[in-house]
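# Coordinate analysis (summary)
As a plain string of letters, each chain reads:
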Amino acid sequence: MIWDEKHECMERGELEALQLERLQATVAKVYEKVPFYRKRLDKAGVAPGDIKSLADLARLPFTSKDNLRENYPLGLLTVPQAEVLEIHGSSGTTGKPVIMAYTKQDIDTWSEVMARTLAGAGAEPGDVVQNAYGYGLFTGGLGAHYGSLRLGAMVIPTSGGNSKRQVMMIQDLSSRAICCTPSYFLALAEVAEEAGVDFRSTNLRIAILGAEPWSDSMRREIEKKSGVTAIDIYGLTEIIGPGVASECAEQDGLHINEDHFLPEIINPETGEVLGDGETGELVITTITKEATPVLRFRTRDICSITHEACACGRTLVRMSRVAGRTDDMLIIRGVNVFPSQIESVLVGIEGAEPHYQIVIRREKALDDMEVQVEVSEKLFSDEIRGLETLEAKIRDELHSVLGLRVRVKLVEPRTIQRSMGKAKRVIDMREQ
Ligand code: DLL
C-alpha cells in the first residue's frame, strides 16, 4: 500500500519545484537563526539568495558528525527551546553524544515518513506491529512507534530484549509485523526454534529490519528460515531517525523520502558529487526539519542512488543497500574490506550459521584477520572431516571475494554473543 500517493508518486518536475522551495527556506532559516551555519555559509561565500536551483546545493558547505558534536547539546536549534517536544541522541564511540531536537511538526513529519515505511513494507491499518527496536535516546523505538500509530496499527512496544516474552507476544497477540535489527531478528528466530515455535505457524509475515548493515544473502536466509518478507529500512539520528528511506515490495533499493531529505552521493575523498549508479558516500540535506535542520550531512554510509522507475509506482529516488560505512572499512594488509562482504560469503554456505564475528590483531607488524563462524548443530555433532571441509570452503570463498587470505575459525553453536540491537561484528585489537 502506498501511504501518501501525492508525495511518493509525484511527477519529477513538480517534486523538484517543491524541493527547491523547501531548500531555499531551509538555507534562509539556518542562516538567520544559527551562528554556526551563518559563519560556514559566509566562509563558503554563499548567501541564501544564491540558491536559485537544486544544482546550487553543491555550493553549500558539508556538515560532519563532529560539527554537530561541537554544538552539543542544543547549539543548532532554529526554534526557541520551549518549542522542542522531544530529543534523541546517537552515541559515538567516544565523547559526547549528538543530540537532535524535534518540534511538534517534526514529530508529525517523522510519523508520516514512518507510516510510509510501514505501509511500503506491507503493514496495514488494523495490523498488529510488534516494535522490538529499543525505546530511548535511540530513534528506532519511538520512530517505529509513531509510524504505527499514524498508520492505525496496534503497536506492541516490547522494545529490545527479553526474547522469550517477544516470542510469546508474537503468538498470543498475533503480531503480523515485527520491527527490529536484522541481527536481533535472527536471535529471536533462534529462541523461537528452541521453544519449538515455528514462525510460519504464527501470524508473523513481515520483518521491518534496519539500523545496521546486512547483506542480501542474510535477507534470503531470514526469509527462508522464518517465512517472512524481510524489508530493509534506513535512517539516522542526525537526519530524523528511521524514515529516511525504505524498501517497497519490490525489494530492489530503498526509496528515499526526498520531499523531506535531499540525497547526494559524493566521492568521500574529494567531495565531488557523483552521478546515478556511482558508489560513494551518501550526503543528506533536510528540507522540512524544524528544530534542527542539517545542511549536507556526511552520513559516511556507502551506497549509490538511481532515478530509474520502480515497478511499485513510487517516483522517489532509490538508494542501494548500504554496503558499509567509510569508518567501518577495514584495511587489512593494504586491502579494503567491508564486514558486509564477509557476511555475504558466510551466509548461504551449508553448515555455517549466520552468526559471525571478525577479530583483527596485529602480529609482528602484520594485520591478522580471523573470521569466527558458528557451525550448525548438525554439522557440529558430525565427524571432523565435515568441519575441515567447511573451514576450507569458507577460507577459499573469502579469498576469492576479498582477494585476501584470512583465518577461519569454526566455533560451537550459540557461542557468539547475540545482540538486542546493533550487532558488534568487528573486534579490532590493533589499537590496544
Ligand atoms: O540506526 C536509525 C534507524 C533505526 C534506522 C531503526 C533503521 C531502523 P543511528 O543509531 O543514528 O540511527 O545509526 C545510523 O546506522 O548511518 C548507518 O550506518 C546505520 N544504518 C541504519 N540503517 C541501516 C540499514 C539508526 N538499513 C547509522 N543498512 C547509519 C545499513 C544502516 N546500515
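Residues numbered from 1 in each chain as written. Predicted model: local features only at pLDDT ≥ 70, side-chain atom pairs only at ≥ 80, totals over all residues. Heavy atoms only, no water.

### Here we look at the domain arrangement of the protein
Here the protein is described as being made up of domain 1 (87-91 + 97-249) and domain 2 (335-428). Contacts between the two partners involve 18 residues from domain 1, matched on the other side by 16 residues from domain 2. Regarding the contact of domain 1 and domain 2, the summed buried area is about 1,400 Å², with carbon and sulfur atoms giving 52% of it. Per-residue buried area on domain 1 facing domain 2 is highest for Glu190, Ser217 and Met218; these three make up 28% of the total on that side. Summed over the shared surface of domain 1 and domain 2, the number is 4 salt bridges. Connecting domain 1 to domain 2 are 10 residue pairs in polar contact (both at pLDDT 80 or more). (Domains from an automatic or database assignment. Contact = heavy atoms within 4.5 Å. Buried area = accessible area lost by both parts, 1.4 Å probe. Salt bridge = Lys/Arg side-chain N within 4 Å of Asp/Glu carboxyl O. Polar contact = N/O pair within 3.5 Å; in protein donor to acceptor, adjacent residues only side chain to side chain.)

### Description of helix 5 (residues 104-121)
In this model, helix 5 (18 residues) spans 26 Å end to end at C-alpha, consistent with the 26 Å of a helix rising 1.5 Å per residue. Among the residues trailing helix 5, Gly122 stands out with phi positive, at a value near 110°. (Helix = DSSP H or I, 4+ residues; strand = E, 2+ residues; numbered from the N terminus. Expected span 1.5 Å × (residues − 1).)

### Overview of the environment of Glu370
With respect to the element layout, Glu370 can be found in strand 19 (residues 366-375). Distance from Glu370 to Leu254, taken between C-alpha atoms, is 32 Å for residues 116 residues apart in sequence. Setting aside residues up to four positions removed in sequence, Glu370 forms contacts with Gln357, Ile358, Val359, Arg361, Arg407 and Lys409. In this structure the side chain of Glu370 is engaged in a polar contact, spanning 2.9 Å, whose partner is the side chain of Gln372.

### Quick word on the environment of Met420
Following the sequence through the fold, Met420 ends up in the loop between strand 20 (407-411) and strand 21 (426-428). Each C-alpha atom of the pair Met420 and Ser163 lies 8.8 Å from the other, and the pair is 257 residues apart in sequence. Ignoring any residue separated from it by four or fewer positions in sequence, one finds Met420 in contact with Gly160, Gly161, Thr181 and Tyr184.

### Let's talk about the pairing of strand 5 (residues 177-180)
Side chains Ala177 and Cys179 of strand 5 all project onto a buried face; the interleaved residues Ile178 and Cys180 project onto the opposite face, where all are buried too. The sheet contact formed by strand 3 (residues 128-131) and strand 5 spans 3 bridges and is parallel. Residue Gln130 lies in a different strand from strand 5, and its bridge partner there is Ile178. Pairing of strand 5 with strand 6 (residues 206-210) involves 4 bridges; the strand directions are parallel. Bridge pairing in strand 6 places Cys179 opposite Ile208. Regarding topology, helix 8 (residues 182-194) serves as the crossover connection from strand 5 to the parallel strand 6, and that connection is right-handed. (Buried < 20%, exposed > 50% of the residue type's maximum accessible area, 1.4 Å probe, protein only. Pairing = 2+ DSSP bridges. Right-handed = clockwise from strand over helix to strand, strands pointing away.)

### Examining the sheet that holds strand 14 (residues 318-319)
One open sheet holds the 9 strands; their spatial order is 4-3-5-6-7-8-9-14-13, and the pairing between them is mixed. The sheet is open, and its two borders are formed by strand 4 (154-156) and strand 13 (305-306), each paired with just one other strand. One ladder, built from 5 bridges, connects strand 6 with strand 7 (residues 229-236); its direction is parallel. Across the sheet, the residue bridging to Ile206 is Thr229, located in strand 7. Here helix 6 (residues 139-151) sits on the sheet and contacts strand 3, strand 4, strand 5 and strand 8 (241-247); the angle it forms with strand 3, its principal contact strand, is near 170°. Running over the sheet, helix 8 touches strand 5 and strand 6 and is turned about 125° from strand 5. (Axes fitted to C-alpha atoms, helices over the stretch in contact; angles between N-to-C directions.)

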